[in-house]
Amino acid sequence: MSTLGGWSGCEEDAIYRLLVPLKPPRGHAFHVDMGTSTKDTPERKASLRVELQCTCMREQLAEDMLCFLHHPEKELRERQAPSLLGTLCTGPYLDTDKTSCWLQIVLKRAWAVMPQSTHCCLTVLPSGHSCNLRLTHASGSTIRIEMLFGVKQGNSYIFLS
Ligand SMILES: [Zn+2]
């Protein structure tokens, strides 16, 4: 995880914006689809299309993974976690709502076992389609963290809305 850009001072909380780079897990590929701009939405929105990839070759190399494309569905269900298409996607596209929900759960669990959690409290703030957190220190000071999803394209990142 890398920080994206500074912080903006606000009377209550300092706000940090974090870029969360998304990388496709094994057996998946990501494709960025740029939407078209219209009069109502002049800003083009980027969506992430998820595609399954054949991993039969890797399977033969004794990597412990079944091919999502070529293995019988029954065996896949029994032996392997579902693909992103069956969990965090809506249709072929990565769903940022589902992804931020999942990230919030992961973060809460991870925070609970961090030594910092003894003097700092993590709160997930209600948010439509991004992941917003607040850290409250025992002293009362707070920090707000906004997490933005991005995908690497060449040397830069494209943000998902
Ligand atoms: Zn295959």
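Residues numbered from 1 in each chain as written. Predicted model: local features only at pLDDT ≥ 70, side-chain atom pairs only at ≥ 80, totals over all residues. Heavy atoms only, no water.

The name given to the chain in an unreviewed UniProt entry is Inositol-trisphosphate receptor-interacting 1, with the source organism recorded as Limosa lapponica baueri.

Caption draft 1: Highlighting the coordination of the zinc ion. Protein coordination at the zinc ion comes from Cys54 (SG), Cys56 (SG), Cys67 (SG) and His70 (ND1), with a distance range of 2.0 to 2.4 Å. Its 4 donor atoms give the zinc ion angles of 102 to 118 degrees at the centre, a pattern that matches the tetrahedral case. Donor residues for the zinc ion sit on one chain with the sequence pattern C-x1-C-x10-C-x2-H. (Donors = N, O, S within 2.8 Å, 3.2 Å for Na, K, Ca; no water. Tetrahedral: all angles 85-135°; square planar, octahedral: opposite > 155°, others 65-115°.)

Caption draft 2: Layout of the side chain of Ser83. In this structure, Ser83 sits in the loop between helix H2 (73-79) and strand E5 (89-90). Under the relative-accessibility criterion, Ser83 is labelled buried at 9%. (Helix = DSSP H or I, 4+ residues; strand = E, 2+ residues; numbered from the N terminus. Buried < 20%, exposed > 50% of the residue type's maximum accessible area, 1.4 Å probe, protein only.)

Caption draft 3: A look at helix H3 (residues 96-112). For H3, with 17 residues, the first-to-last C-alpha span of 24 Å sits near the 24 Å given by 1.5 Å per residue. When we look at burial in H3, the residues that qualify are Thr96, Thr99, Ser100, Leu103, Gln104, Leu107 and Trp111. One face of H3 carries all of its buried residues, which in axial projection span an arc of 140 degrees. For H3, the exposed residues lying more than 90 degrees away from the buried face are Arg109 and Ala112. For H3, the secondary structure elements touched by its buried residues are strand E2 (14-21), strand E6 (93-94), strand E7 (120-125), strand E8 (131-137) and strand E9 (142-153). Regarding H3, its N-cap is Asp95, as a side-chain oxygen of that residue lies 2.9 Å from the backbone nitrogen of Asp97 further along. (Expected span 1.5 Å × (residues − 1). Arc of directions from axis to C-beta. Contact = heavy atoms within 4.5 Å. Polar contact = N/O pair within 3.5 Å; in protein donor to acceptor, adjacent residues only side chain to side chain.)

Caption draft 4: The arrangement of the nonpolar core in detail. With 26 residues, the main nonpolar core has Leu22, Leu48, Leu94, Leu133 and Met147 as its most contacted residues. Elements represented by at least two residues in this core include exactly E2, strand E3 (28-34), strand E4 (46-52), H3, E7, E8 and E9. Not counting residues within four places of it along the chain, the set of residues in contact with Leu48 comprises Leu22, Phe30, His31, Val32, Pro92, Tyr93, Leu94, Val151 and Leu160. (Core = buried A, V, L, I, M, F, W, Y, C linked by side-chain atoms within 4.5 Å.)

Caption draft 5: Spatial organisation of the pattern of salt bridges. In this structure the tally under the stated criterion is 7 salt bridges. With a closest N to O distance of 3.1 Å, Arg17 and Glu146 form a salt bridge. Taken as a pair, Arg17 in strand E2 and Glu146 in strand E9 lie far apart in primary sequence, 129 residues in all. Residue classification places Arg17 among the partly exposed positions, given a relative accessible area of 31%. We classify Glu146 as buried; its relative accessible area is 16%. The residue Arg144 makes a salt bridge to Glu146 at a minimum N-O spacing of 3.4 Å. Shared partners join several salt bridges into a network, and the residues in it are Arg17, Arg144 and Glu146. (Salt bridge = Lys/Arg side-chain N within 4 Å of Asp/Glu carboxyl O.)

Caption draft 6: Looking closely at the environment of Gly35. Looking at the element boundaries, Gly35 is found in the loop between E3 and E4. Among the residues examined, Gly35 registers a relative accessible area of 27% and is labelled partly exposed. Once the C-alpha coordinates of Gly35 and Lys45 are considered, the two residues, 10 residues apart in sequence, prove to be 5.1 Å apart. Residues in contact with Gly35, not counting those within four places in the same chain, are Arg44 and Lys45.

Caption draft 7: Spatial organisation of the environment of Leu22. Locating Leu22 in the fold gives a position in the loop between E2 and E3. Linking Leu22 and Gly150, residues 128 residues apart in sequence, is a C-alpha distance of 6.0 Å. Apart from residues lying up to four places away in sequence, Leu22 is in contact with Phe30, Leu48, Leu94, Phe149, Gly150, Val151 and Leu160.

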